[in-house]
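Remarks on the overall topology
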Amino acid sequence: MGLPVLILGESGSGKSTSLRNFNKDELVIYNVAGKPLPFRKRLPMKNNATYATIYKGLQKPSRKAYVIDDSQYLMAFEELDRAKETGYGKFTDMAVSFQQLLQRASWTSEDTNVYFLMHPDTDEMGREKPKTIGKMLDEKLCVEGLFPIVIDARVQQGEDGRPRHVFVTENDGTNLAKAPMGMLPPTMDTDLRAVDEAIREYWGMRPIVDAPESAETE
């Protein structure tokens, strides 16, 4: 069973930048909005990815890490494509499509991590939640509850007074952050490669890239 991981953060909070330390043979990025990465390194990307594109890749995974950036645009683009349709049926369809994507992420191999990068929103009580379309996913599914790990990407003031991009992994009563005890520090650098390594070590998963087999001696 694959592991879905949720990374929540506003635009500019460092979600995409956190991919910078991956190597090109370690992951595939499903770039839903077709945006260039905010660093020079070239990583394998499927630009303007759709549900069909992602389903096809996750069905026969060739990597042990996948990133869907930013996954809420799958819903937003579908809503715009169907804007002229009347009735609430289209919102049901959109909710089902995203729910099926979450399922497919967990159907990958047991050593595969699928990272959902999403923008946050707030509910009527001012509490943080993943940004979705309509109320069905929020009220019937509770999207964040399907992720065993939720990380908040935030911009905080550093000791030198300058902005510092960080991952927050501990719930402070205002966010959704959570991680198993002892897996990650409460606050860390925005480095998703380091997060992936910690996950694999904690749960005994295979390395993100298998070590080459040593040649047999004659």
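Structure: above.
Please read these numbers as outputs of a predicted model, since none were measured by experiment.

1. A closer look at the packing of helix α2 (residues 72-81) against helix α3 (residues 89-106)
Relative orientation of the contacting elements α2 and α3 amounts to 155°, with a least axis distance of 10 Å. As far as their axial angle goes, α3 and α2 are roughly antiparallel. In this structure, the crossing between α2 and α3 has a hand that is right-handed. Between α2 and α3, the residues in contact are Leu74, Met75, Glu78 and Glu79 and Phe91, Met94, Ser97, Phe98 and Leu101, respectively. Among the residues forming the contact of α2 with α3, the class breakdown is six nonpolar, one polar and two charged.

2. Regarding unusual backbone geometry
When glycine is set aside, most residues are seen to have a negative phi, and most peptide bonds are trans. Of the consecutive residues Asp69 and Asp70, the connecting peptide bond is found in the cis state with omega at -25°. By the element assignment, Asp70 lies in the loop between β4 (65-69) and α2. For Asn48, which is not a glycine, the phi torsion comes out positive at approximately 55°. With respect to the helices, strands and loops of the structure, Asn48 is situated in the loop between β3 (45-47) and α1 (51-59). Among the residues examined, Asn48 registers a relative accessible area of 53% and is labelled exposed. Its identity as a non-glycine residue notwithstanding, Cys142 has a phi of 60°, on the positive side. As for its placement among the helices and strands, Cys142 is situated in the loop between α4 (136-141) and β8 (149-157).

3. Description of the sheet that holds β3
The strand order across the open sheet formed by eight strands is β3-β2-β4-β5-β1-β8-β9-β10, and the pairing between neighbours is mixed. One side of each edge strand has no neighbouring strand; the edge strands of this open sheet are β3 and β10 (187-189). Averaged over all pairs of adjacent strands, the angle between strand axes in this sheet comes to 25°, irrespective of strand direction. Here strand β1 (residues 3-9) pairs with β8 via five bridges, running parallel.

4. So, the packing of α1 against α3
Direction vectors running N to C along α1 and α3 enclose 20°, while the axes themselves pass 10 Å from each other. On the basis of the axis angle, α1 is roughly parallel to α3. The interaxial crossing formed by α1 with α3 has left-handed handedness. On α3, the residues touching Tyr51, Ile54, Tyr55 and Leu58 of α1 are Met94, Ser97, Phe98, Gln100, Leu101, Arg104 and Ala105. The class makeup of the residues in the contact of α1 with α3 is eight nonpolar, two polar and one charged.

5. Here we look at the pairing of strand β5 (residues 113-118)
Burial analysis of β5 places six of its six residues in the buried class, which makes it a mostly covered element. Covered by surrounding structure in β5 are Asn113, Tyr115 and Leu117 together with Val114, Phe116 and Met118, the residues of both alternating faces. As paired strands, β1 and β5 are joined by six bridges and run parallel to one another. Looking at β5, one finds that Leu3 is bridged to Asn113. As judged from the four bridges shared by β4 and β5, these two strands associate in the parallel manner.

6. Some details on the side chain of Asp152
With respect to the element layout, Asp152 can be found in strand β8. A polar contact is formed between the side chain of Asp152 and the side chain of Arg154, at a distance of 3.2 Å. Contacts of Asp152, omitting those with residues within four sequence positions, involve Leu8, Glu128, Val166, Phe167, Val168, Asn175, Leu176 and Ala177.

The rules behind the values
Here the residue index of a chain counts from 1 through its sequence in written order. The model is predicted, so local features are restricted to residues of pLDDT at least 70 and side-chain atom pairs to those at 80 or more, both for listing and for counting; the totals for chains, interfaces and linings are taken over all residues. With hydrogens and water excluded, all non-hydrogen atoms of the structure serve as input to the side-chain values. Under this scheme, a helix contributes an axis fitted over its contacting stretch, all axes are lines through C-alpha atoms, and angles between N-to-C directions fall in the 0 to 180 degree range. By the criteria applied, helices consist of DSSP H or I runs no shorter than four residues and strands consist of E runs no shorter than two, each listed in order from the N terminus. Note on terminology: angles under 35 degrees are roughly parallel, angles over 145 are roughly antiparallel, angles of 65 to 115 are roughly perpendicular, and the others are oblique. We call a crossing left-handed when the near helix sits turned anticlockwise from the far one by less than a right angle, and right-handed when that turn is clockwise. We call two residues contacting when some pair of their heavy atoms lies within 4.5 Å. Under the scheme applied, nonpolar residues are Ala, Val, Leu, Ile, Met, Phe, Trp, Tyr, Cys and Pro; charged residues are Asp, Glu, Lys and Arg; polar residues are all the others, including Gly. Summary of the burial criterion: residues with accessible area below 20% of their type's maximum are buried, those above 50% are exposed, and those between are partly exposed, where the area comes from a 1.4 Å probe applied to protein chains only. At least two DSSP bridges between two strands are needed for those strands to be called paired. Identification of polar contacts relies on pairs of N or O atoms within 3.5 Å, with a donor-acceptor requirement for protein atoms, meaning one able to donate a hydrogen and the other able to accept it, and with residues adjacent in sequence counted only if both atoms are side-chain atoms.

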